[in-house]
Amino acid sequence: MDWIINDELGLTVGHLVGWTSASFMVVGGVLPYIPQYRQIKQTQDPEGFSLHVCLALLVANTLRILFWFSSRYELPLLVQSVVMNITMFLMIHLCVKVRRNNAIMRMRERVFSDFDSRYFWQWTDFQSYLDFMLVVWAVGAVITYVMLSVTWFMETIGFLAVFTEAMLGLPQFVRNYKNKSTHGMSICMVIMWTAGDMFKTGYFILRHAPTQFWICGTLQVSLDLAILLQVYIYRKNPAPRNAHRGD
C-alpha cells in the first residue's frame, strides 16, 4: 500500500513540476518587460528602450508559430509566442503614445503606407506597426502553406525563429554602445532577461526541444551577459544629451 501512495505522490509531484515549468515558459518571457513598461510610463521617457527589440521578438515569435505547423513542438512554447507578440504590441503602443505626447511641435506623420524605407520601424502611429505585422503574417502563412512539406525549408524557418530571438538584445546593446550609457534602460529587465533565458535554455535541453532552440538559447544568454557588462562599464556615465530618437 505504501509503495502505491509513494508512486502516486511521485506522479503528482512530477506533474506539478511539469505544469509549473510550462506555466513559467508561457509567462516568464513577458515578466522582464513589466519593469521597463512601468519605467517608461512613470518617466514618460521611452528613449532608453530600443523598439527594435520589439521588432526582433515579433519576427522571431511569428516564425516560431509558423514552425510549429511543421515540428509540432510543445504547446507551452507555442502559447508563449502568442503571448509575447501581444506584449510587444503593448510596448510599442506605449512608446508611440509617449513620443507623441512629448513632441514639442506637431510631429510629421510617418506611416507604413508611405513605404519610405528611411523611416522603417520609426512610424509615428501604432496602426502602422500593426499593419506591417499583418503583412508579415499573411505572407508568412502563404509561404508556410506552400512549403510545409519541404523539410529543409521548415527547418530553416525554425532556425531563423530562435536565432532572431537570440539576437533580440543586440539592438539594445548597440544603442547602449552608441550612447555610452544605459540611461533609460531598465536594469531589472536585463537581469530578468538573463534569468529567464537561462531557465529557457535549460528547459529546451531537458525537454529535448529541436537542437536550434538550445544552441540559440545559449547565444541569447551570452548577449544578456554582455549588456549587463555594459551596465557596469557605463555606470558612471551621465545620460546622453543627444540620444538617438525614433528608434
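Presented here is an overview of the structure given in this document. Keep in mind that what you see is a predicted model, and the values were worked out from it rather than measured. In this convention, every chain numbers its residues from 1, walking through the sequence in written order. Per-residue local features are limited, in this predicted model, to residues with pLDDT of at least 70; the limit for side-chain atom pairs, both in listing and counting, is 80 or more; totals at the level of whole chains, interfaces and linings are taken over all residues. Only hydrogens and water are set aside; all other atoms, that is, all heavy atoms of the structure, feed into the side-chain values.

Attention now goes to the packing of aromatic side chains. For any two aromatic rings, the description comes down to two numbers: the centre-to-centre distance and the angle of the planes. Any Phe, Tyr or Trp ring, taking Trp's six-membered ring, that has another such ring centre within 6.5 Å forms a pair; planes under 30 degrees apart are called stacked, those over 60 apart edge-to-face, and the others tilted. Throughout the structure, instances matching the rule amount to 17 aromatic pairs. Aromatic side chains Phe120 and Trp121 sit 6.1 Å apart centroid to centroid with 40 degrees between the ring planes, which places their arrangement in the tilted category. Think of it in three bands: residues with accessible area under 20% of the maximum for their type are buried, residues over 50% are exposed, and the middle band is partly exposed, with areas taken using a 1.4 Å probe on protein chains only. Taking the relative accessible area as the measure of exposure, Phe120 reaches 34% and is therefore partly exposed. Between the aromatic rings of Trp123 and Tyr129, the centroid separation amounts to 5.1 Å while the plane-to-plane angle is 70 degrees, which identifies the pairing as edge-to-face. On the accessibility criterion, Tyr129 (0% relative accessible area) is buried. Each residue in the set Phe112, Phe115, Phe120, Trp121, Trp123, Tyr129 and Phe132 is aromatic and connected to the rest through ring pairs, giving one cluster. Charge-over-ring placement is defined geometrically: NZ (Lys) or CZ (Arg) within 6 Å of the ring centre, and within 35 degrees of the ring normal. A cation sits over an aromatic face here: Lys180 above Tyr177, 3.9 Å from the ring centre. The side chain of Arg235 reaches across the aromatic face of Tyr232, ending 4.1 Å from its centre.

On to the packing of helix H6 (residues 151–166) against helix H9 (residues 211–233). Simply put, an axis is a line fit to the C-alpha atoms, just over the touching stretch for a helix, and the angle between two N-to-C directions goes from 0 to 180 degrees. Numbering of helices and strands starts at the N terminus; helices are DSSP runs of H or I of at least 4 residues and strands are runs of E of at least 2. Two numbers describe how H6 lies on H9: the axes approach to 8 Å, and their chain directions differ by 15 degrees. When the axes of H6 and H9 are compared, the pair comes out roughly parallel. Along this stretch, H6 crosses H9, giving a crossing that reads as right-handed. On H9, the residues touching Glu155, Gly158, Phe159, Val162, Phe163, Glu165 and Ala166 of H6 are Gln212, Phe213, Cys216, Leu219, Gln220 and Leu223. Following the grouping adopted for this structure description, the nonpolar residues are Ala, Val, Leu, Ile, Met, Phe, Trp, Tyr, Cys and Pro, the charged ones are Asp, Glu, Lys and Arg, and the polar ones are all others, Gly among them. Of the residues contributing to the contact of H6 with H9, the split by class is eight nonpolar, three polar and two charged. In this scheme, roughly parallel covers angles under 35 degrees and roughly antiparallel covers those over 145, while 65 to 115 is roughly perpendicular and the rest are oblique. It is the rotation of the near helix from the far one that decides the hand of a crossing: anticlockwise by less than a right angle makes it left-handed, clockwise makes it right-handed. What makes two residues a contact is simply this: any of their non-hydrogen atoms within 4.5 Å.

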